[in-house]
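Okay, here's what each chain looks like letter by letter:
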Amino acid sequence: MVQDNSARQNEVAIIGAGVIGLSIAWRLAQRGLPVTVFDKGEAGQGASHAAAGMLAACAEIEPSEERLLTLNRASQALWPAFATELEAASGLPVELRTEGTLMVALTADDAAKLRNHAELQGRLGLPVSWLSGRDLRRLEPALAPGVAGGVSSPEDHQVDNRKLAQALRVAALRAGVTLVENTPIEGLALKDGRVAGVTTAAGLREAGRVVLAAGPWSRGIPGLPAEARPAVRPVKGQMLALAMDPAAPLLRHVVWAPGVYLVPRLDGRLIVGATVEEKGFDTAITAGGLLSLLHSAWRALPGIEELPVLETWVGHRPGSRDDAPIFGAGPVEGLVYATGHHRNGILLTPITAKLISDFILSGKMDPMGEPFGFGRFMRAAAA
Ligand code: FAD
Ligand code: GLY
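Residues numbered from 1 in each chain as written. Chains lettered and ligands numbered in written order. Predicted model: local features only at pLDDT ≥ 70, side-chain atom pairs only at ≥ 80, totals over all residues. Heavy atoms only, no water.

Enquirer: Explain the nonpolar core to me, please; I cannot follow it from the model alone.
Expert: Side chains of a nonpolar character, in soluble globular proteins, are inclined to be buried together. One finds I14, V35, L86, L164 and V211 to be the most contacted residues of the largest nonpolar core, which totals 50 residues. Elements with a minimum of two residues in this core: β1 (12-15), α2 (19-30), β2 (35-38), α4 (66-90), α7 (161-174), β19 (335-339) and α9 (349-362). With eight residues, the top contributor of residues to this core is α2. Ignoring sequence-local partners within four residues, the contact set of L164 consists of V19, W79, F82, L86, V94 and I346. Counting 23 residues, the second largest nonpolar core, distinct from the first, contains L131, V255, L293 and L307. (Core = buried A, V, L, I, M, F, W, Y, C linked by side-chain atoms within 4.5 Å. Buried < 20%, exposed > 50% of the residue type's maximum accessible area, 1.4 Å probe, protein only. Helix = DSSP H or I, 4+ residues; strand = E, 2+ residues; numbered from the N terminus. Contact = heavy atoms within 4.5 Å.)

This is the structure we're talking about:
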């Protein structure tokens, strides 16, 4: 059957089946739009597979990121209902854990730095409190005996990002999304200056809207006009997982210590992350990377010494020029950006899915998403 033009205009093609592309697809299909998601590999195997799954709006705040904080906190607030809805829609667990996060200092110097960070968090009205070393060890007895103090951040939770990607895949399929895996997008089709679809080895797939959700690969999608390439680069992260006894885990909270974070999963995996490296798409796991992570982890949690190493891996964060995501319209009509989530893509999944699906359906960007437009980089370049 040949579709008429208006039916094709309704079609949405999404480039990238990570948590961002899949969650947008799910939301759009729930609202009746025909959606096809393409991935060069299997769904959920990019940055979304590599992440630690922390929903760390408060712990990860940096000076000068106040605008991003509003978005991060809004998404954090959406997480509990999002997880419940997704688990019901997919029949799969995403393991949202709500014990919260502890940031620990091991020396007087660390403690002074952490107090500075806690002051910033306090100024921004974040719900954090200072704990003594004894308080911290009462909460997490396996922490190093000399722990000098730290910050409790009870609203920074975690989710199992690999399970999240699988649940989104199933929920999207159940909602009617077409998922085309192992099929790289080879070009963006343009007609009369606007998007007409995407091309793959199988030919042209017409679509009135194309969502660019290719994570760290977003800048390199073939066929993107130069002026439409988003300022996104890969930021390498090495990680590893250790095997705790799930019946007697060393940790229950997410813990940040100098040089490392530790994320305990329900099945006993202890995620140890992560390096931050400007090395393009390099995938080497290095002795130095693992040494630094393990040494920092061991100083905070000496009991890891006997734990088996389960896995090591490398992922690439989609880092934008200002470390904030890129949402909505750009220089090519019909091309919609949902990329550049850098260190926070798992945290930002619920709000991104909402903002981008609302934008596609209404043509208007919610004020919450306005500061994150493609245009901010064009203005900066022109100034
Ligand atoms: P991806 O998951 O990378 O998905 C993009 C998809 O596009 C991929 O599946 C890829 O195959 C596909 N693709 C690429 N090119 C093409 C093409 N030509 N055609 C078709 N498909 C294509 N965030 C948090 O919130 N909390 C954390 O604790 C956290 N920890 C992290 C730790 C590490 C080490 C890393 C690397 C990241 C971490 N992040 C974390 C960030 C988070 O992982 C990302 O921001 C998020 O996963 C981005 O999702 P995405 O869907 O945009 O990208
Ligand atoms: N948000 C944790 C990381 O990017 O390593």
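Enquirer: Where do I start with the environment of I360 in this structure?
Expert: Positionally, I360 belongs in helix α9. Distance from I360 to G328, taken between C-alpha atoms, is 8.5 Å for residues 32 residues apart in sequence. Among residues more than four places away in sequence, those in contact with I360 are V12, L28, L33, R209, V211 and V336.

Enquirer: What is the right way to look at the pattern of salt bridges in this model?
Expert: Oppositely charged side chains are able to pair whenever their charged atoms sit close together. Overall, the coordinates contain 19 salt bridges when judged by the stated rule. Here K163 makes a salt bridge to E95, at a shortest N to O gap of 3.0 Å. Of the two residues, K163 is situated in helix α7 and E95 in the loop between α4 and β4 (101-105); the sequence distance between them amounts to 68 residues. Under the relative-accessibility criterion, E95 is labelled buried at 18%. One connected set of salt bridges, linked through shared partners, spans K236, E277, K279 and D282. (Salt bridge = Lys/Arg side-chain N within 4 Å of Asp/Glu carboxyl O.)

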